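Analysis of the macromolecular model
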Amino acid sequence: MSTTEARLTLGIRRLPLASGALHPGGIYALSCESLELARPLVNGMVDDAREQLQPVTVVLGPESIQWGDQLPRRGAGTASGRSHLHLFARQARSAEEIGATHASQLAEELEYFGASGSLIILVEAGALFPLSDGPGCARRLRWLRNWASENFCPVVMLFAGDDVRTSQITPLQSAGAGFAGIATLSCEHNQAALQLETWHGITSSELAYLREAEDQAYELRPELAARNFTDPSQLNAANDRDRVYATRAAVRGESGIPATWSIVENEEVLLSRTDSITAATCLLGVESTEHFPALARAVFELRRRIGSGVKIVVREGGRRLRTAQSLLLLKVGANAVIDAETPMTRVLTGFEALRDQLFLRPLPDQIEPLLDSVQPPEEKGYHPPEQFRAACLRALKKAQQNSVECALARLFLLPDVRLEDALAHCHMRRSGDLFSADNRSIYVFLYGCWEQDVNVTLQRIFRLPIPELFIGHIEHTDAAAIQRELSVFHEYAERLSLPSFSSIAAAATPAQPASDPSEADGAPPETGVPPRRVTPAPMTLRVPAA
């Protein structure tokens, strides 16, 4: 292998040679979401080959035929430079015409036109080697590999659009064609991302983010200095150390926001500016329960793209985060999660405390499994006694599989409080939180709730202070204890044939728009029911964990 040949790459500037080298005789498959995404990649490979004085042959398909107008103008532009580039347009053929001999016919035509020894780029390769053909495709790929090896040709095959929409990369890996490299080119957060499934024996789960340079070829997004920060003193050189970016959900129209802050519409805007951020502070807000997964992904991407120097702070909104959700944000890149009631003056003080902080904890390889683990069951609210136990056991099983804490509380009514009145004051908003009742108490199941948070959560669920409705409560946070209590309640409900209070519970939770201030946890809702003034003897019993 000559030095010139060994230096051929995918044409992505600043990509390490080991992650993009194209060896003579090797065939490489790139799965691209669209042809437009692949176009700067082809431009870069043409430029790279010309710089190395390596002939390059590009075979275009029906959809990419228009590229032929621009490709000849790339590179030196001289007659000798143009002679290194061979462009061919593949004639459309039906599936029946693409038989087992088509790969050999393609090779014969390339040899005839003098393509032997050049870098060969097959655009729209899915029409030449349909992945759905199984054994036939594998046989043609092996034939192409042998031909490329005999003629010292690196061959890059681009499968794009419909070619990979359903099959993805799995058929390529299982084709048994001996690919020297397989990679995927996708669009992540509005920028191209390259992932090497396998490349000369190298596998990687990391995405290499690319951007299109002025000459319409890809270059590796430059690594920011923050990614290498290991000592706070290194932050002194960052020119954005005192800058703050805040999303609109984080400031919620508050007054007193410093004029120096940059207010952006959402996390997507921040993600589009990561190249210019090194050590700034990013304040993000939680808009709703449904918004949490997107927020967590944004935190993960900000940390992964920028590195250890940026400060990421999440501020709770109208809905409080579960403990498991807050811990997940800290695990995937957030420096801090602050309470919704924290005044802006305290937020500013917290920013000063974070000014010299680096995020040095290891990031998980993927966020999706973590997100799935903290997503609560969809069920919520009142369940009749005969359904309550089954719903709680389903939620408890999911919680145990994902190491999520749960709690079950049984609240005993005051003697002069009717069960119907207490149920009318129970107002649940979070998925996974359930409640039911017997003739003397209310059972509340809380998904993703730590023992320390049970009392505070109960205060938010009931519209009146707990002492005005209940004489006390027993709470269980151990899974075995929760199961035993559910069994006791189920047997008691069956023995007494307890009625369902579904109509009362439904009336207590009217549908409201998400922007309604009364939806905010902790806000005193307007119920139209005068508060009861009772002074009970306080009592809270905890059952020890089994």
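The following refers to the structure shown. No experiment lies behind these values; they were computed from the predicted model shown.

Quick look at the pairing of strand S6 (residues 181–188)
Counting buried residues along S6, six of its eight residues qualify, which places the element largely inside the surrounding structure. Pairing of strand S1 (residues 27–32) with S6, which is carried by five bridges, proceeds in the parallel orientation. By the bridge assignment for S6, Cys32 is matched with Leu185. The sheet contact formed by S6 and strand S7 (residues 191–199) spans eight bridges and is antiparallel. Bridge pairing links Thr184 to Gln195 in S7.

Details of the packing of helix H10 (residues 292–306) against helix H11 (residues 323–331)
It is the contact of H10 with H11, at a shortest axis distance of 9 Å, that shows an interaxial angle of 25°. On the basis of the axis angle, H10 is roughly parallel to H11. The interaxial crossing formed by H10 with H11 has right-handed handedness. Facing Phe292, Ala296 and Val299 of H10, the residues of H11 in contact are Gln325, Leu328 and Leu329. Along the lines of polarity and charge, the residues of the contact of H10 with H11 split into five nonpolar, one polar and no charged.

Looking at the sheet that holds strand S8 (residues 208–212)
Pairing is mixed in the open sheet, where nine strands are placed in the order S3-S2-S4-S5-S1-S6-S7-S8-S9. Because the sheet does not close on itself, it has two edges, and the strands there are strand S3 (85–89) and strand S9 (218–220). Averaged over all adjacent pairs, the angle separating strand axes in this sheet is 25°, with direction ignored.

Structural notes on the sheet that holds strand S11 (residues 262–264)
Here five strands make up an open sheet; going across it, the order is S11-S10-S12-S13-S14 and the pairing parallel. Lying at the two open borders of the sheet, with one neighbouring strand each, are S11 and strand S14 (336–338). Going from strand to strand, the sheet's axes swing by 20° on average, the running direction of each strand aside. Of the strand pairs in this sheet, strand S13 (residues 311–315) and S14 are connected by three bridges, and their pairing is parallel. Considered in S14, the bridge of Val313 is made with Ala336.

Concerning the environment of Ile466
Positionally, Ile466 belongs in the loop between helix H16 (454–461) and strand S19 (470–476). For Ile466, a relative accessible area of 12% corresponds to the buried category. Through-space distance from the C-alpha of Ile466 to that of Asn455 is 9.3 Å; in sequence the pair is 11 residues apart. Every residue in contact with Ile466, bar those within four places of it in the chain, is listed here: Leu411, Leu458 and Gln459.

Focus on the packing of helix H14 (residues 385–401) against helix H17 (residues 479–496)
Between H14 and H17, the least distance of the axes is 9 Å, while the angle of their chain directions is 170°. When the axis of H14 is compared with that of H17, the two are roughly antiparallel. Between H14 and H17 lies a crossing of left-handed hand. Packed against H14, whose contacting residues are Pro385, Phe388, Arg389, Cys392, Leu393, Leu396 and Gln400, the element H17 presents Ala479, Ile482, Gln483, Leu486, Ser487, Phe489, His490 and Ala493 at the interface. Here the residues of the contact of H14 with H17 sort into 10 nonpolar, four polar and one charged.

Details of unusual backbone geometry
The backbone of Leu53 shows a phi angle near 55°, a positive value even though the residue is not glycine. With a phi close to 65°, Gln216 is a non-glycine residue in the positive phi region. One can find Gln216 in the loop between S8 and S9.

Description of the packing of aromatic side chains
Inspection of the entire model under this criterion finds eight aromatic pairs. Here Phe388 and Phe489 contribute two aromatic rings whose centre-to-centre distance is 5.9 Å and whose plane-to-plane angle is 80°, an arrangement assigned as edge-to-face. Taken as a pair, Phe388 in helix H14 and Phe489 in helix H17 lie far apart in primary sequence, 101 residues in all. With a relative accessible area of 0%, Phe388 lands in the buried category. Among the aromatic residues, those joined into a cluster by ring pairs are Phe88, Tyr112 and Phe113. Taking NZ or CZ as reference, Arg305 lies 4.8 Å from the ring centre of Tyr209, over its face.

Rules and cut-offs
- Residues numbered from 1 in each chain as written.
- Predicted model: local features only at pLDDT ≥ 70, side-chain atom pairs only at ≥ 80, totals over all residues.
- Heavy atoms only, no water.
- Buried < 20%, exposed > 50% of the residue type's maximum accessible area, 1.4 Å probe, protein only.
- Helix = DSSP H or I, 4+ residues; strand = E, 2+ residues; numbered from the N terminus.
- Pairing = 2+ DSSP bridges.
- Axes fitted to C-alpha atoms, helices over the stretch in contact; angles between N-to-C directions.
- Parallel < 35°, antiparallel > 145°, perpendicular 65-115°, else oblique.
- Left-handed = near helix turned anticlockwise from the far one by under 90°.
- Contact = heavy atoms within 4.5 Å.
- Nonpolar A, V, L, I, M, F, W, Y, C, P; charged D, E, K, R; others polar.
- Phe/Tyr/Trp six-rings, centres within 6.5 Å; stacked < 30°, edge-to-face > 60°.
- Lys NZ or Arg CZ within 6 Å of the ring centre and 35° of its normal.

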